[in-house]
Each structure stands twice: as C-alpha cells, then as structure tokens.
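# Observations on the model geometry
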Amino acid sequence: WGAGTPLGGGTFLSLGCLLTGAKDHVELLEMAERGNAKAVDKLVGDIYGDDYKGLGLSADTVASSFGKLVNPDLRDKVRPEDLARSLVQMITWNIAHIARLVAAQEGVKTIIFTGSFTHNNDLSQKHFATAFRYWSNGDSKALFMRHEGYVGAIGALSMSALCKEDHLAFGRMP
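This write-up is about the structure you can find in this document. (Residues numbered from 1 in each chain as written. Predicted model: local features only at pLDDT ≥ 70, side-chain atom pairs only at ≥ 80, totals over all residues. Heavy atoms only, no water.)

The next point concerns the pairing of strand E4 (residues 141–144). Of the strand pairs in this sheet, strand E3 (residues 110–113) and E4 are connected by 4 bridges, and their pairing is parallel. Looking across to E4, one finds that Thr 110 is bridged to Lys 141. Crossover handedness for the path E3 to helix H6 (residues 122–135) to E4: right-handed. (Pairing = 2+ DSSP bridges. Helix = DSSP H or I, 4+ residues; strand = E, 2+ residues; numbered from the N terminus. Right-handed = clockwise from strand over helix to strand, strands pointing away.)

Moving on: the pattern of salt bridges. Taken as a whole, this structure holds 6 salt bridges when the rule is applied. Residue Lys 53 pairs with Asp 51 through a salt bridge whose shortest N-O separation is 3.9 Å. The partly exposed category is assigned to Asp 51, whose relative accessible area is 34%. Here Arg 79 makes a salt bridge to Glu 81, at a shortest N to O gap of 4.0 Å. The partly exposed category is assigned to Arg 79, whose relative accessible area is 38%. A relative accessible area of 16% means that Glu 81 is categorised as buried. (Salt bridge = Lys/Arg side-chain N within 4 Å of Asp/Glu carboxyl O. Buried < 20%, exposed > 50% of the residue type's maximum accessible area, 1.4 Å probe, protein only.)

Before going further, it helps to examine the side chain of Ser 140. Within the secondary structure layout, Ser 140 lies in the loop between H6 and E4. Assessed through its relative accessible area of 6%, Ser 140 is described here as buried. For Ser 140, the side chain forms a polar contact with the side chain of Arg 100, separated by 3.1 Å. With near-sequence residues (within four places) excluded, Ser 140 lies in contact with Arg 100, Val 108, Lys 109 and Phe 132. (Polar contact = N/O pair within 3.5 Å; in protein donor to acceptor, adjacent residues only side chain to side chain. Contact = heavy atoms within 4.5 Å.)

On the surface, a cluster of negative charge is contributed by Asp 24, Glu 30, Glu 33 and Asp 122. Here Glu 30 lies in helix H2 (residues 25–34). (Patch = residues over 30% accessible without salt bridge, like charges linked within 9 Å, V, L, I, M, F, W, Y side chains within 5 Å. Areas by Shrake-Rupley, 256 points an atom, 1.4 Å probe, with all protein chains shown as cover. Lys, Arg positive; Asp, Glu negative; His and termini not counted. Charge placed at Lys NZ, Arg CZ, Asp CG, Glu CD.)

In terms of nonpolar packing, the biggest core is built from 26 residues, with Phe 12, Phe 113, Phe 117, Phe 128 and Phe 132 touching the most fellow members. Listed by contribution, the elements that provide at least two residues to this core are H2, helix H5 (80–106), E3 and H6. Apart from the residues within four sequence positions on either side, Phe 12 is in contact with Cys 17, His 25, Leu 28, Leu 29, Ala 84, Leu 87, Val 88, Ile 91 and Phe 117. (Core = buried A, V, L, I, M, F, W, Y, C linked by side-chain atoms within 4.5 Å.)

If you want it as structure tokens, here you go:
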C-alpha cells in the first residue's frame with residue numbers, strides 16, 4: 001500500500017531556490033544545515049509564553065511554519081539559511097504526518113521512505129525519525145532506502161511481472 005503528497009523533493013528544490021537564491025539541491029541542503037527555523041517559525045511558546053500543558057505541547061513545538069513572517073518587520077531580517085531550515089522541516093513533518101496516519105490506519109509499524117527529498121538529506125531523515133518516535137510513542141520507525149532513485153523502476157518491473165494480460169504488462173490502453 002502506498003500514499004503520497006505533492007509536497008516533496010520538487011517542492012523543496014523549487015520553492016527553496018525561490019526563497020533563498022540557492023542554485024541547486026546540495027546548496028539548499030547546506031543552507032538548511034546552517035539555518036535556525038525558530039527564527040521564522042511561530043512556536044507554541046511565542047503564542048502562550050511557555051508550554052501549553054493543556055494539550056501537552058512544549059514551548060518549542062512549531063505552531064506555524066514561517067509563521068513569524070506575518071510580521072513585515074521580520075521579513076527584512078530573515079536569513080536565507082533560516083528559510084531553508086524551516087522549509088525542510090515543514091515538508092518533512094507534512095510527509096511524516098501523512099505517512100504516520102496511513103500507517104496507523106493500516107496497522108503498519110515500519111515506514112520506508114523513498115524519493116528525491118530524502119536523497120542525501122540527513123536533516124530530513126533525522127526529522128522523520130524524530131517525528132515517528134514522537135507521534136507513535138516509540139512504536140513505529142522510519143527507514144530510508146540507500147538507492148531510493150530506483151525504487152519506482154523496481155516497483156514497475158515487479159508489477160509488470162504480476163500482470164497476466166499483455167495490455168497491462170506493457171502499459172497499453174485497452
């Protein structure tokens with residue numbers, strides 16, 4: 001069973017380059033490593049002044065990615081590295097949250113991530129792992145493929161081997 005979201009590697013690269021001026025994926029990830037998302041993200045502590053104990057939220061829980069930038073005065077002071085860091089966190093947590101909900105619905109404890117967003121992206125992999133431990137109370141884990149770029153091709157090959165009808169195996173319309 002699989003699920004997905006339109007927020008991923010392509011979104012990270014295109015939006016990240018627009019926000020930061022980075023030229024490629026590697027530069028954008030390097031910027032994110034040096035960034036501080038708390039400079040641009042609105043945190044629970046920014047809203048309530050401390051932890052929100054009623055919901056069990058710590059003061060450093062993100063309430064709104066890029067949320068501090070609703071204030072026009074802060075937009076001129078933001079560093080591109082901070083934008084890159086917030087973006088990688090936002091996309092990672094979105095993907096992780098959807099994956100965790102689907103996994104819980106299907107009774108799956110181990111989730112395997114593929115795709116360009118996780119390629120050479122230790123930062124997002126750390127965020128995925130942290131998110132899964134948190135949301136599952138340590139009951140689920142995230143795994144990452146070493147050669148994730150080939151997973152789609154392997155899946156297509158496997159499906160073609162399962163298809164009995166020629167029009168399905170070769171992708172021709174009936």
